[in-house]
Amino acid sequence: MPDPDVGGRCAVERTIGIAIGIPQPWGAELDAARATTGDPQAALIPAHVTLLGPTVLPVSADLDRRIDRLLRKVAAASEPFAVQLRGTGTFRPISQVVFVALAAGIAECERLADAIRTGPLSRELTHPYHPHVTVGHDVPGPALDDVFERMADYSARFVVDHFTRYEHSGNGRWEPLRDYPLRPR
């Protein structure tokens, strides 16, 4: 039986996403930068690099098992890798987004994202995949300009040793469901 949603009805679908969470202290720094823009999503979406964007799926124990099997297989076939965050970029004018760019780890993120978007998670992309960490989204232009400038010299380096499956909750938050450790070297 499907899980009841907040309104007491039975949920027939849910939204998941797969991402690399940004470890501390850098995650808190990037979350704070996003919050300064007035972005209402800043408190609900922790700093991350998306591997699979929001994906609506039917509620199904069999589908959950298939997704879990796929994600374990992808993680087991991937080694930990270094990510270097450096500087800012934007998707404007196409999308009102400012982000911190990846200077290293791009190819590894692309490989993970491609492998994840197969089988039960196969989907077409509306835009080419571009790994990044959002620090401003759909806020007024001056706030985007400000965070673009303030974060232009930002730099952080860390090792990615897992990715996480998230589910969008009824309160707007992305809740972590499970980590998938990458195969040690």
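Quick summary incoming for the structure in this document. Given the structure is predicted, the values throughout are model-derived calculations rather than measurements.

Strands sit in the order S2-S1-S7-S8 across an open sheet of four strands; the sheet is antiparallel. Strands at the two margins of the open sheet, each flanked by one partner only, are strand S2 (48-58) and strand S8 (174-181). Neighbour-to-neighbour, the strand axes of this sheet turn through a mean angle of 25°, independent of strand direction. Both strand S1 (residues 13-21) and S2 contribute to a ladder of eight bridges, which runs antiparallel.

The next subject is the pairing of strand S3 (residues 81-90). Counting buried residues in S3 gives seven out of ten residues, a clear majority hidden from the surface. Of the pairings in the sheet, the one linking S3 to strand S6 (residues 155-160) comprises six bridges and is antiparallel in character. Of the residues in S6, the one forming a bridge with Gln-84 is Arg-157. Hairpin remark: S3 followed by strand S4 (residues 97-104), antiparallel, with six residues in the connecting loop.

Two side chains that carry opposite charge are able to pair once their charged atoms sit near each other. Enumeration according to the criterion identifies nine salt bridges in this entry. Residues Glu-79 and Arg-183 are paired through a salt bridge, measuring 3.4 Å at the closest nitrogen-oxygen approach. Residue Glu-79 is located in the loop between helix H2 (61-76) and S3, and its partner Arg-183 is located in the segment after S8; the two are separated by 104 residues in the primary sequence. Residue Glu-79 is classed as partly exposed on the basis of its relative accessible area of 36%. With its nearest N and O atoms 2.7 Å apart, the salt bridge here joins Arg-92 to Asp-145. Linking Arg-92 in the loop between S3 and S4 with Asp-145 in helix H4 (residues 141-150), this pair joins segments that are 53 residues apart in sequence. Under the relative-accessibility criterion, Asp-145 is labelled partly exposed at 39%.

Secondary-structure assignment places Val-59 in the loop between S2 and H2. With relative accessibility at 31%, the residue Val-59 sits in the partly exposed group. C-alpha separation for the pair Val-59 and Thr-164, spaced 105 residues apart in sequence, amounts to 19 Å.

Within an α-helix, residues lying three or four positions from one another point in the same direction, as the helix has 3.6 residues per turn. Over its 16 residues, H2 runs 22 Å from end to end, which matches the ideal 22 Å to within 8%, given 1.5 Å per residue. Turning to H2, its buried residues number three or more, namely Leu-63, Ile-67, Asp-68, Leu-70, Leu-71, Val-74 and Ala-75. One face of H2 carries all of its buried residues, which in axial projection span an arc of 165°. Residues of H2 that are buried make contact with S1, S2, helix H3 (106-116), strand S7 (162-168) and S8. For H2, the side-chain oxygen to backbone nitrogen distance between the N-cap and Asp-62 is 3.3 Å, and the N-cap itself is Ser-60.

Let's shift gears to the sheet that holds strand S5 (residues 132-137). Consider a sheet: its strands pair through backbone hydrogen bonds, and that pairing is either parallel or antiparallel. Sheet architecture is open: four strands sit in the order S5-S4-S3-S6, paired in antiparallel fashion. Two strands close off the open sheet at either side, each with one partner strand: S5 and S6. Taken pair by pair, the neighbouring strands of this sheet meet at an average axis angle of 30°, ignoring direction. Across the sheet, helix H1 (residues 26-36) touches S3, S4, S5 and S6, and the angle it forms with S5 is around 30°.

About the thresholds
Residues numbered from 1 in each chain as written. Predicted model: local features only at pLDDT ≥ 70, side-chain atom pairs only at ≥ 80, totals over all residues. Heavy atoms only, no water. Pairing = 2+ DSSP bridges. Helix = DSSP H or I, 4+ residues; strand = E, 2+ residues; numbered from the N terminus. Axes fitted to C-alpha atoms, helices over the stretch in contact; angles between N-to-C directions. Buried < 20%, exposed > 50% of the residue type's maximum accessible area, 1.4 Å probe, protein only. Salt bridge = Lys/Arg side-chain N within 4 Å of Asp/Glu carboxyl O. Expected span 1.5 Å × (residues − 1). Arc of directions from axis to C-beta. Contact = heavy atoms within 4.5 Å. Polar contact = N/O pair within 3.5 Å; in protein donor to acceptor, adjacent residues only side chain to side chain.

These results come straight from atomic positions and should not be treated as a statement about function.
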